[in-house]
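Here is how the chains run, residue by residue.
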Amino acid sequence: METGILTRIGYALVSLFVITNYGLLLIGSMARISAKVQGRVGQPVWQPYIDIVKSTAKRNSIGHGIMFYLGPVFRLAGGVGTYMFIPAVYGSVLFRNFSDSGDLLLVMYFIFFGQLGMALGASEGGHPYSAIGVSRGLSQMTAFEVPFALSVIAVAIQYRTLDITAIVAAQQGGFWNWTVATNPLAVVAALIAFLGMSMHNPFSIVIAPQEIPIGPPTEYQSNLLGMLQTNRAIFNGAKLVLYMNLYFGGATDIVTMVVKTFLIYFINVFVGQAFPRFRVDQSIRFFLGVPTLIGIASVIIAAI
Amino acid sequence: MVNPLWLFALSLGAAFLLPLVDRLGRRIALVLVHGVTAAWLAAGLSWLAVLLSGGEAAEFGTAGFRAPLAIVLRVGLAEAAGVTAIALTGLLAAFSLTRSLREAPLGGAMALLMALMGLSGIVLTRDLFNLFVFLEISAIGTYGLLGFDDRKPALRSAFKYMIAGGLASSLYLIGVIYVYRLADTLNLDIAAAGTALSGPAGTAAVFFLLAALLVELKPFPANGWAVDAYETAHPGISAILSGASATALLLALWKILPLLGPAHLSLVAGSGLATFAAGNLVGARQDRPLRMLGYSSVAQVGLVAAVAALARLGGLGDGGADFAAAVAGGLLLNHLLAKTGLFLLAGAVEDDDARGRLAPLSLAAAGVLSAALVGLPPFPGFWAKWRLVRALADSGLWWILAIVLGGSLLEAFYVFRWLGLRAKGEAGEAPVRLGIRSAGPVLAALLLAAAGALAGIRGPVPDLLLWAPWAAAAILFLLDGTPGWLKGLLSVAAAAAFGAAAWDRLDGFRQFFAVMLLGGGALFSIAALRKGGPRRGLHPLLAAATLALGAILVARTPLEFFFAWETMTAASWLLVLRGRGGEKPALSYIVFGLGGAFLLMAGLAAGGWDGGIAAAGWPGLLVLVGLLVKAGALGVHVWLPGSYAESDDESSGFLSSALSKAPIFALFALALSLGAALPGGPWTSRALGWLGLATALGGALYAVYQEDIKRTLAYSSLGQIGYILLAFAAMDQAGWTTSLYLALNHFLYKSMLFLAVAGVIQRTGTRNMYEMGGLIKKMPVSFLSVLMAIIALSGVPPLSGFGGKWLLYSTLIGKGWYLETAVAFFASAVAFLYLYRLIHSIFLGQPKPSQANVREAPVALVLPQLVLMAVLMAVSVFPRLMLDPILALVGDRFPAAFVFEGTRLRSALGYWDGTLTMIVTGGVFALCLVWMLANLHNPQSVKQFNIVFAAERPLRPETTHYAWRFFEPYRKALGFLTRERAERFWDAFGTGAASVGGALRRLYTGNGQTYALHVVLYVAVLYLLLGVL
């Protein structure tokens, strides 16, 4: 199944195009659903497109230095790269991306690429709220990484591989082969970690969306903000696809993928609408408590 | 050979003539005194020359008769050495006493002549009564000396000395009477040959002789009178008491050893060891230098006596007198020279009441003398101690071994504490110049160095490559006044030459580590050129430490290895001490360094040698624990952060990137010598794995809360060493590959970080990160270097650090160490915190107005960073550059877990293609960059503070740069994990030892009556013990 390099790049661009649009629509629709829950009309589903176009079309772009400009580049490259290292649709040549670069460990670590670069860019902006946001985000990240890692270890033990395609392959043949059925504890741990990863309530203190503008993007505007917004869609999509692959049997076609990832993302929104927000120290202790114990239990179950 | 009777006649004659000569002038009288002492020295040396070139020992009868009709003086090797030592000490002391002797009444000079003659007589005579006579002569001479220059406290202690001496003399005389009654002779050899002294009465008779000599040797607790004298007398007198008098009395003890039965010998050994332990415990509590040296003296003398007795008693070593002579003699020689020098030096400083640091030459002498006293290589004490430890281990006398090493460690603590104080001095005080008074100490130091080097090269370490560190240090110290660049280049050349000379002798593993150890040394020698001027001391020490690391690789026997190891410890300790605030950290560095080294020593001595550090079972475990102390494993890491933080910036880098790999190398060597396994088997591996993990997590967590940039990096190093240990503990192909990969990678990025940080500190003048900010525009290369380094450290793809993470997790999951994997994930995530903080607080955020004129770091720092960046990039794009050699090194010892297919590395669980990852990342990044540039409309740079700050215009960077207590919420959540338990434990341990010392010290009331009671009780207890034994 060797494909020419140009063809592969072409396929990858198509795949990227699909995930970008899907991600944007997902964000738009979730925002609308949230609004409905809160009794508001809410924004149109295509609002994310409008935001990006508006940002990109700004006449001026304020800069604080080279790293400030490179921050969004790192961020977007991180999102796109993460997606590129995940096979999005099982068995599809089109959506295979460049998943032959490395296994699950590569994906888990490439997630940090964009975060780190963005944090540095934001730092050069010189705004204290950016640094505070990064401080909070990193602190929280170390904590939710633990249940997530435990859950990944459980998956690796269960399927004896870290190759994402092989993990999906092992889950084929019906719901009862999915990880969520064979090792539900691992999935519970991972999903709780996912709440933190997505920075929705109750773990939204990092960007504190309701209050004064805070968090890493504080100083960003214009095209630079547009890139961050684009990345949000792609990066979300990539993470959702990863979760689907690891825990929910993957997808053999694009429709299945859309349905499954939509439902996974919906868990976020569901929890986010129902819970208030943690302080950072509270969320750290939370992640290292029950979710970690669940993760350890899932590893033990997988190991014996 | 010169008949010693002439010398006695000379001394007596001179003493009688002195009042007459004094009429011609005191100066001439003193010349006479010096001349007579020099004559003794010349005689001693001439005897030594004859005896060492194969001559026979000679006996000289008096009045033309032989024993038993006359007193016989014997000149053997021991006697010749003893007389030489006494005369040498006497001469050095006499020079230091010159002024006092000139000003005080003439009695002082006469007492000096008599004391020295008496001491020599003790050494030479073979007659028990004559021995008594000489004991009395020397004692009376000593009393006179103690009081001659009108020091009031010395007069008081002279009186106490007299009480104790009188008691000892009485005991001795009783012993002599009984011996004569039983054996019908006073000649030692005849008495020893007969059986008359073997019954109960004979035992008692000999006991009195022995008790008297033991009391004279100042045993614990009956030694308060001696310590008081050491403290209060003129330093020259203390030197005579500690050096010459101890030598004579030990030789007297040596002489009567043939008369002693096993019970007597046990008493000597027990009393000696108790004195050694107690003396050092009390010494550790003492902060007055002369009294401290006094405690050290009694301790050392106790040890020598114990060794002599043990050798005879237990057949220690090869069971012969040779062993006892070599070890006890080596220790004695070491003690004699070191203590003489130190008393003279410390005394001169005390006399001046000086508080500044010592001038270079005196300081060097003080360093050599202290190092020798503690038993560091290459001084005689080192060789003696090694043989002693080896013999004790062979004989299974573990508790004695523990006492010897524990006591030595305590001694190291207080001696080096004093040295640190003298090396740094109090702030604002002028350097202390001793002038001609430093001649004695310097001479003693030179003699020690020469004796040690001779003993080593002609003895157990003939390989000159192992002496290269000392040679390099010596040469560069001689050139210390020359410009830094010359010494730096010489250091690099030395490292290169060493590498070239040693390369063919090294196997693959050693070559791999040689790149890091020697290369690292050379790298930081270049970095040391960042500042102009000679930078005294830095280059010699750096070169010595570098070559010592090389020597560790070259070593072939356990002793060679230990020699190189201690050389490395000593050189690096001095590097730490050289740092601005290095006094305290250096002390904990050397105490833990030596603690680890002593464990290593015990393990090496107990295990065999098989071309590697072959030590199975618990000797191997001792070696392992010793290495872990040096590696800074959590719990015994407390020495590390301070040392890294307070040493010079290039030294910190050297310690962290290069030297920290020495224990890692030794661990591999240990495992290899056991057939790629650890002593103790799988349980050890598991425990070591968890220890490594705890170190990794602990290091990362501690690093998060540091404000000091170098402390951050120090804890970071701790953490990274933890991962290396963890992977090593897996004991399979995957683990070892990972461990070596991590080690090399750590070398690369930690070098970059330390080099960059050195530049930042040099330019900003602070180590506190919150006092910096926004330096990216001023120091772009340093920023890039730090950026690449932190990406590599954190393991973010596409740089080589991710390879390390991938290898590590693949190893751990493959091994079935699942919980370890999770904790490693957590620790790695925590590393992001301090790495981000580091780069943000220094290079990003708001710049400080005071740092507006900061420039890029000097070329000497930037250039190595550029090279390292290129290397890092190359191994990131082509991971096989690093992994192929490592996989080849690990070889087929284990089943293969990692295999390359083209550019893709496969594990049992997954795969990683570093090259493809780099291409994809590069492509995606380029795409995003083009997108950003294409849509960038009218970009405008704005001034500082032009930010969307809510309803306020920030004015000061101090309030806008978010940097201080950066992760406070994290501390709130997880601060309980980092409460410095290890620090508190070791503090408590130190306090405990100090309390014991303090309690023992209360025995020393300063009251002569109490001291007399101590002596009487001591003898009574000995007598009772003799009955039990």
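Keep in mind the model is a prediction, meaning the values are calculated, not measured.

Peer 1: Would you mind showing me how to read the overall build of chain A here?
Peer 2: Secondary structure summary: chain A contains 12 helices and 1 strand in total. Against the compact-globule benchmark of 19 Å for 304 residues, chain A has a radius of gyration of 19 Å, which places it among compact chains. When burial is assessed residue by residue, chain A has 63% of its 304 residues classed as buried. Long-range contacts, defined here as pairs at least 24 residues apart, represent 78% of the contacts in chain A between residues at least 6 apart.

Peer 1: How should I be thinking about the interface of chain B and chain A in this particular structure?
Peer 2: By a widespread convention, an interface's size corresponds to the accessible area lost as its parts come together. Contacts between chain B and chain A engage 61 residues on the former and 72 residues on the latter. Put simply, the parts of the chain that give the side of chain B that touches chain A at least two residues each are helix H32 (800–815), helix H33 (818–843), strand E5 (911–913), helix H36 (914–934), strand E6 (939–941) and helix H38 (968–974) of chain B. Considering each element in turn, the side of chain B that touches chain A owes the most residues, 12 residues, to H33(B). Looking at the side of chain B that touches chain A, its residues break down into 41 nonpolar, 16 polar and 4 charged. For strand E1 (residues 61–63) of chain A and E6(B), the ladder comprises 3 bridges, and the chain directions are parallel. Paired with Gly63(A) across the two strands is Ser941(B), which belongs to E6(B).

Peer 1: Explanation requested: the nonpolar core in the structure shown.
Peer 2: Soluble globular proteins tend to bury their nonpolar side chains together. Residue and element names in this part refer to chain B. If you look at the biggest cluster of nonpolar residues, it comprises 520 residues, and the most contacted ones within it are Val-215 and Val-307. Residue-level mapping places this core at the junction of two domains, with at least three residues from each of domain 1 (261–460) and domain 2 (681–879 + 953–979). Once residues lying within four places of it in the same chain are set aside, the contact partners of Val-307 are Ala-324, Val-327, Ala-328, Leu-331 and Leu-388.

Peer 1: Quick question: what am I supposed to make of the domain arrangement of chain B here?
Peer 2: As far as domains go, chain B holds domain 1 (261–460) and domain 2 (681–879 + 953–979). On a C-alpha basis, the centroid separation for the pair domain 1 of chain B and domain 2 of chain B is 42 Å.

Peer 1: Please clarify how the packing of helix H12 (residues 289–314) of chain B against helix H16 (residues 398–424) of chain B should be interpreted in this entry.
Peer 2: Relative placement of two packed helices is described by the angle separating their axes and the distance separating the axes. Residues and elements named next belong to chain B. The geometry of H12 relative to H16 is characterised by a closest axis approach of 11 Å and an angle of 155° between their N-to-C directions. Looking at the two axes, H12 sits roughly antiparallel to H16. Once H12 is placed against H16, the crossing between them reads as left-handed. Touching Pro-289, Met-292, Ser-296, Ala-299 and Leu-303 of H12 are Val-404, Gly-407, Glu-411, Tyr-414, Val-415 and Trp-418, all from H16. Looking at side-chain class alone, the contact of H12 with H16 contains 8 nonpolar, 2 polar and 1 charged residues.

Peer 1: Help me out: how do you make sense of helix H30 (residues 733–764) of chain B in this one?
Peer 2: Note on helix geometry: an α-helix contains 3.6 residues per turn, so any two residues three or four positions apart are oriented the same way. All names here are of chain B. Between its terminal C-alpha atoms H30 stretches 46 Å, which fits the 46 Å expected from 32 residues at 1.5 Å a residue. Of all 32 residues in H30, 30 are buried; the element is thus mostly enclosed. Backbone geometry just after H30 places Gly-765 at a positive phi near 75°.

Rules used in this analysis
- Residues numbered from 1 in each chain as written.
- Chains lettered and ligands numbered in written order.
- Predicted model: local features only at pLDDT ≥ 70, side-chain atom pairs only at ≥ 80, totals over all residues.
- Helix = DSSP H or I, 4+ residues; strand = E, 2+ residues; numbered from the N terminus.
- Rg over C-alpha atoms; globule rule 2.2 N^0.38 Å.
- Buried ≥ 20, exposed ≤ 12 C-beta atoms within 10 Å, placed from the backbone.
- Contact = placed C-beta atoms within 7 Å.
- Nonpolar A, V, L, I, M, F, W, Y, C, P; charged D, E, K, R; others polar.
- Pairing = 2+ DSSP bridges.
- Core = buried A, V, L, I, M, F, W, Y, C linked by C-beta atoms within 7 Å.
- Domains from an automatic or database assignment.
- Axes fitted to C-alpha atoms, helices over the stretch in contact; angles between N-to-C directions.
- Parallel < 35°, antiparallel > 145°, perpendicular 65-115°, else oblique.
- Left-handed = near helix turned anticlockwise from the far one by under 90°.
- Expected span 1.5 Å × (residues − 1).

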